[in-house]
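# Examining the three-dimensional arrangement
Listed below are the residues making up each chain.
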Amino acid sequence: MRSFDVAVIGAGPGGYVAAIRAAQLGMKVAIVEKEARLGGTCLNIGCIPSKALLRSSELYFEARHHFAEHGIEVAGLGLNIQAMLARKARIVTELTDGIALLVKKNKVTVVRGRGRLVAKDRVAVTGEGGEEEIQASSLILAAGSVTTLLPGLPVDGERIVTSTEALSFERVPEHLLVVGGGAIGLELGSVWRRLGARVTVAEMMPQIVPQADSQAAKLLQRSLKGIGLDIRTKTQVTAVERKGDLVEVTLRDDKGKEETLGADRVLVAVGRRPCTEGLGLEEVGVLLDERGRVQVDERLATNVPGVFAIGDLVPGPMLAHKASEEGVAVVERLAGLPGHVSYGSIPNVVYTWPELAQAGLSEDEAEKMGLEVKTGRFYFKANGRSKTMGMDEGFVKLVADAGTGALLGAAIVGPGASDLIAEVVMALEKKATVTEVANMVHAHPTLAEAIKEAALAVDKRAIHG
């Protein structure tokens, strides 16, 4: 039996980062992975391939609808889905190959197969060559999550699909019906709408991206409707019937009105759940909470000594960067270092166009907590850089404590929101006030000036708004 200091089950953004950091700290490390390629859902069938398709579809949409505004004349514009999918696959391969190289460079042992706990310090790995057991002083569970399925919506992988299949449609659907108005549904709905599909989104909650700032969500919804997405909030799927190559879906709104739509593809995107099946948690006594998540303490330790869990398995947002930070925190604590995750400032992004990014408290959340707040907004329509880009939809909204002026959070809808939110995260980490953010010199013309103006707007001092 091979022995290690640390064994990690799962090679996604939480697992492989934890393994590499542990190796950097001088530990002997093994990582157990059942799939052929490292990187988990994020790199293989999630974050990365979806962003590749988002970019391709954005360029196609711009060429069809906006190049002429720039004096660029395009004749004979065509769409080659196979080339687009090949580009996506190439990017995934390059990045996953890079992860494999990093793991090898750091002398992390990769054990291929499906891992399950058989004791608090042992993992049985079932692979093509049979089963072997490895021993480790500390075990880190990083198995990630899987798509949540709905009763009555039988996914067949052909007409009724998950995000995995929706990343690889070989032709543009005539009508794509998306069940779920969260990040995954909106991003993939946007891809296929820009490429020419009719897209209907059914969300049972009162707003899309239910956890988002309400004003930001409304603005995003208006923008997405502008490119042709038919978004139905407060709407549930009540019946589904496949008829050959067509799926008939019955929708019911909050007033009880029903409508049956025909779609050649139905995407189920109602969220994800922890992938705990087959991990051997019951056998060794690892406890789960009422939502099926692994119970952990502030150190991300389970109730079984020496066993830790991170990422989508544990409470908190199901985000790749959150998982990575937790992986680093666990192994640094094992090495006697502080290890820290700043949960209060984790950014969350929806990569539609425009993008929606948030960090810290939204205005809605702050008010529910009984905090007295003041806000400042600045719209990209008044930003010089966004005007020159021809991408001036959206705003920056900052939330501050009414008494101290301390920055509490932000919501950004607009161009480059996923990058702009990093400045907000830094300010939150440094416990900056909105005055301190406003006093920072921002280059002109840049999108980031919108953050400065929003900070000024908190105290009604915005120059350009």
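Up top is the structure these notes are about.
Residues numbered from 1 in each chain as written. Predicted model: local features only at pLDDT ≥ 70, side-chain atom pairs only at ≥ 80, totals over all residues. Heavy atoms only, no water.

### Quick notes on the side chain of Lys88
- In this fold, Lys88 is placed in helix H4 (residues 81-105).
- For the buried Lys88, no salt bridge exists, and the shortest N-O distance to an oppositely charged side chain is 9.9 Å, to Glu170.
- In contact with Lys88, other than residues within four places in its own chain, are Pro49, Ala52, Leu53, Leu167 and Ser168. (Helix = DSSP H or I, 4+ residues; strand = E, 2+ residues; numbered from the N terminus. Buried < 20%, exposed > 50% of the residue type's maximum accessible area, 1.4 Å probe, protein only. Lys, Arg positive; Asp, Glu negative; His and termini not counted. Salt bridge = Lys/Arg side-chain N within 4 Å of Asp/Glu carboxyl O. Contact = heavy atoms within 4.5 Å.)

### Digging into the environment of Val201
- Among the structural elements, Val201 can be located in strand E10 (residues 198-202).
- Looking at Val201, the relative accessible area reads 0%, which means it is buried.
- Among all residues touching Val201, those that are not within four sequence positions of it are Val178, Gly180, Gly181, Leu186, Leu229, Asp230, Ile231 and Arg232.

### Some details on the packing of helix H3 (residues 47-65) against H4
- Closest axis-to-axis distance for the H3/H4 pair is 9 Å, and the angle between their directions is 140°. The angle between the axes of H3 and H4 places the two elements in the oblique class. H4 is crossed by H3, and the crossing has right-handed handedness. Listed contacts from H4 to Ile48, Pro49, Ala52, Leu53, Arg55 and Ser56 of H3 are Met84, Leu85, Arg87, Lys88, Ile91, Val92 and Leu95.
- Of the residues assigned to the contact of H3 with H4, the class counts are nine nonpolar, one polar and three charged. (Axes fitted to C-alpha atoms, helices over the stretch in contact; angles between N-to-C directions. Parallel < 35°, antiparallel > 145°, perpendicular 65-115°, else oblique. Left-handed = near helix turned anticlockwise from the far one by under 90°. Nonpolar A, V, L, I, M, F, W, Y, C, P; charged D, E, K, R; others polar.)

### Regarding the pattern of salt bridges
- Within this structure, the stated rule accounts for 24 salt bridges.
- For Asp213, the salt bridge is made with Lys397, and the minimal N-O distance between the two is 3.0 Å. With Asp213 in the loop between E10 and helix H7 (214-226) and Lys397 in strand E21 (residues 395-401), this pair connects stretches of sequence that are 184 residues apart. As far as burial versus exposure is concerned, Asp213 and Lys397 are alike and both buried.
- Across the pair Asp392 and Lys381 runs a salt bridge, and its minimum N-O distance is 3.8 Å. Separated by 11 residues along the polypeptide, Asp392 in the loop between helix H11 (384-389) and E21 and Lys381 in the loop between strand E20 (373-379) and H11 bring together distant segments of the chain.
- With relative accessibility at 54%, the residue Lys381 sits in the exposed group.
- It is possible to trace a salt-bridge network through shared partners that takes in Asp156, Glu158 and Arg242.

### A few points about the pairing of strand E19 (residues 355-360)
- Taking burial as the measure, the six residues of E19 include five buried ones, the bulk of the element.
- Bridging between strand E18 (residues 348-350) and E19 involves three bridges; their strand directions are antiparallel. Within E19, the position partnered with Asn348 by the bridge is Gln358.
- Connecting E18 to the antiparallel partner E19 that follows it, the hairpin turn spans four residues.
- Of the strand pairs in this sheet, E19 and strand E22 (residues 407-414) are connected by six bridges, and their pairing is antiparallel. Following the sheet pairing, Ala359 is matched in E22 by Ala410. (Pairing = 2+ DSSP bridges.)

### Some remarks on the sheet that holds strand E15 (residues 265-268)
- Pairing is parallel in the open sheet, where five strands are placed in the order E8-E15-E9-E10-E11. Either end of the sheet is taken by a strand with one partner, and the two such strands are strand E8 (160-161) and strand E11 (230-232).
- Across two bridges, the pairing between E8 and E15 is parallel. The residue of E15 that forms the bridge with Val161 is Leu267.

### Section: a nonpolar patch on the surface
- Together, Ile72, Val74 and Leu77 line one region of the surface with nonpolar side chains, adding up to about 230 Å² of accessible area.
- Examined against the element boundaries, Val74 turns out to sit in the loop between H3 and H4.
- Overall, Val74 belongs to the partly exposed group, its relative accessible area being 41%. (Patch = residues over 30% accessible without salt bridge, like charges linked within 9 Å, V, L, I, M, F, W, Y side chains within 5 Å. Areas by Shrake-Rupley, 256 points an atom, 1.4 Å probe, with all protein chains shown as cover.)

Remember that the coordinates give geometry; whether it matters functionally is a separate question.
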